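Summary of the model geometry
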Amino acid sequence: MIGIEEEYLVVDPRTRHVVPRAAEVLAAATDVLDVDQEITRFQVEARTAPSSDLSELGAQLRAARKEVAGAARSCGLAVVASGIPVLGDVMRPPLGDNARYEQGRVLYRALQDEISICALHVHVDVPDEEHAVYVGNHLRPWLPTLIALAANSPFFVGRDTGYASWRVISWGRWPVSGAPPYFPSFADYELALRALSESGALMDPKTVFWDARPSPRLPTVEVRVADVPLDVSDSLTIIGLIRALVVTALADVARGDRGLPISTEVLRAAYWRAARDGLAGDSLDVREGTLVPAPVMARRLLDHVRQAMAEAGDLAFVEEGLDRLLRTGSGAMRQRQVHARRGDLAGVVDDLIEATVA
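Here's a quick rundown of the structure. (Residues numbered from 1 in each chain as written. Predicted model: local features only at pLDDT ≥ 70, side-chain atom pairs only at ≥ 80, totals over all residues. Heavy atoms only, no water.)

Attention shifts here to the environment of Val225. Take Val225: it is sitting in strand β11 (residues 220–227). Sequence-wise, Val225 and Ala212 are 13 residues apart; in three dimensions their C-alpha atoms are separated by 7.3 Å. Other than its neighbours up to four places away in sequence, Val225 contacts Leu143, Leu146, Ile147, Arg167, Val168, Asp211 and Tyr271. (Helix = DSSP H or I, 4+ residues; strand = E, 2+ residues; numbered from the N terminus. Contact = heavy atoms within 4.5 Å.)

Attention shifts here to unusual backbone geometry. The backbone phi angle of Arg16 is positive, close to 70°, even though this residue is not glycine. Note that Arg16 resides in the loop between β1 (2–11) and α1 (22–28). Accessibility expressed as a relative area gives 22% for Arg16, which makes it partly exposed. (Buried < 20%, exposed > 50% of the residue type's maximum accessible area, 1.4 Å probe, protein only.)

With their axes 8 Å apart at the nearest point, helix α5 (residues 143–150) and helix α9 (residues 264–277) run at an angle of 10° to one another. Compared by their axis directions, α5 and α9 come out roughly parallel. Of the residues in α9, those touching α5 at Leu143, Pro144, Ile147 and Ala148 are Leu267, Ala270, Tyr271, Ala274 and Ala275. Residue composition of the contact of α5 with α9, grouped by class: 9 nonpolar, no polar and no charged. (Axes fitted to C-alpha atoms, helices over the stretch in contact; angles between N-to-C directions. Parallel < 35°, antiparallel > 145°, perpendicular 65-115°, else oblique. Nonpolar A, V, L, I, M, F, W, Y, C, P; charged D, E, K, R; others polar.)

So, about the packing of aromatic side chains. Under the defined criterion, the tally for this structure stands at 6 aromatic pairs. Plain terms: the ring middles of Trp171 and Phe209 are 4.9 Å apart, the flat faces sit at 50° to each other, and that makes the pair tilted. Highlighted residues: Trp171 in helix α6 (residues 166–171) and Phe209 in strand β9 (residues 209–210), separated in sequence by 38 residues. Like Phe209, Trp171 is buried. Aromatic side chains Phe186 and Tyr189 sit 5.7 Å apart centroid to centroid with 20° between the ring planes, which places their arrangement in the stacked category. Note that Phe186 and Tyr189 are positioned in helix α7 (residues 186–199) at a spacing of 3 residues, about one turn of the helix. Both residues of the pair, Phe186 and Tyr189, belong to the buried class. Grouped by ring-pair contacts, the aromatic residues Phe183, Phe186, Tyr189 and Trp210 constitute a single cluster. (Phe/Tyr/Trp six-rings, centres within 6.5 Å; stacked < 30°, edge-to-face > 60°.)

In this section: the pattern of salt bridges. A full pass over the atoms with the stated rule returns 22 salt bridges. Residues Arg287 and Asp285 are paired through a salt bridge, measuring 3.0 Å at the closest nitrogen-oxygen approach. Among the residues examined, Arg287 registers a relative accessible area of 36% and is labelled partly exposed. For Arg300, the salt bridge goes to Glu288, with nearest N and O atoms at 4.0 Å. Placement of the pair is Arg300 in helix α10 (residues 294–312) and Glu288 in the loop between β12 (282–285) and β13 (290–293), with a sequence separation of 12 residues. Residue classification places Arg300 among the partly exposed residues on the basis of a relative accessible area of 27%. Linked by salt bridges that have partners in common, Asp285, Arg287, Glu288 and Arg300 make up one network. (Salt bridge = Lys/Arg side-chain N within 4 Å of Asp/Glu carboxyl O.)

With that settled, the discussion passes to the pairing of β12. With 4 bridges joining them, β12 and β13 adopt antiparallel strand pairing. For Asp282, the partnering residue across the bridge sits in β13 and is Pro293. Linking two consecutive strands that pair antiparallel, namely β12 and β13, is a turn of 4 residues; a positive phi of about 70° is found at Gly289 within it. (Pairing = 2+ DSSP bridges.)

These results come straight from atomic positions and should not be treated as a statement about function.
Quick look at the structure:
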């Protein structure tokens, strides 16, 4: 089974700036949807019911986006699927009404000044936390490729960052975020968490923000490496690849393989390269230590999970989605194309508003 969370930014369609009015959008949404406010008042989150069917998940995501967008329109607002705000003043973003968020402000201080980031979170069932740790080890080499495919945050508060995913770079400054370490066992994972808690880097298990982690609440591995994609079709392509990666990893773990212990520093470099160039440049294949064109790396990922996708009945669907992504480009590439064509970032936000519910 798979469960999905997508985060969206609330914007004023006249100024195109993010605005702290998420509570109004949530109040206008129907009870049909599982929607909630995220850490800042700029963001809303939609969650799907668990399903093993990509088509069903797609229908839920489209319904969620349509409902949230409709609720926003009723308030004179809009929502966009972008990894980070394109326009607006986001320094010291207003936090939601949650004592835990204020506790985070005290603990993490200025790190929260750019916390208005939106991601795609994918939960995939695993037998237990031990398996979740081993699956995470197997996912590590492929996380940079998922970053490149899902990159959708090139602009930040009025400027071109030069990166395809500025969300990845901004988020990577947090003490327990980004590329997960390699763990020989769940006991080693727990030992690391105890040390991190002692250091003050963690408030609780929910503040383990590595891009692949055992869920603190469910028997799942949570993969949170991707920017929220521009449209649902791209989300489903990423979701299908992640599910297949987990299934492939579980088969490897059943054979006694606990994953390749790739250097964390090498993986960090691959993250940086993927976040900077996305699909438009080269990617570092951390297994071989060589640079290859990003589309080649994406094809290697597809080959790696081909059997798992075929067994799930997802192969044709994900192949088509990947072909489309490689042909038309990621969300970051589309944002830059719109900017080049329209000449300003207001046009980029307008396109994001349309694309989010297309």
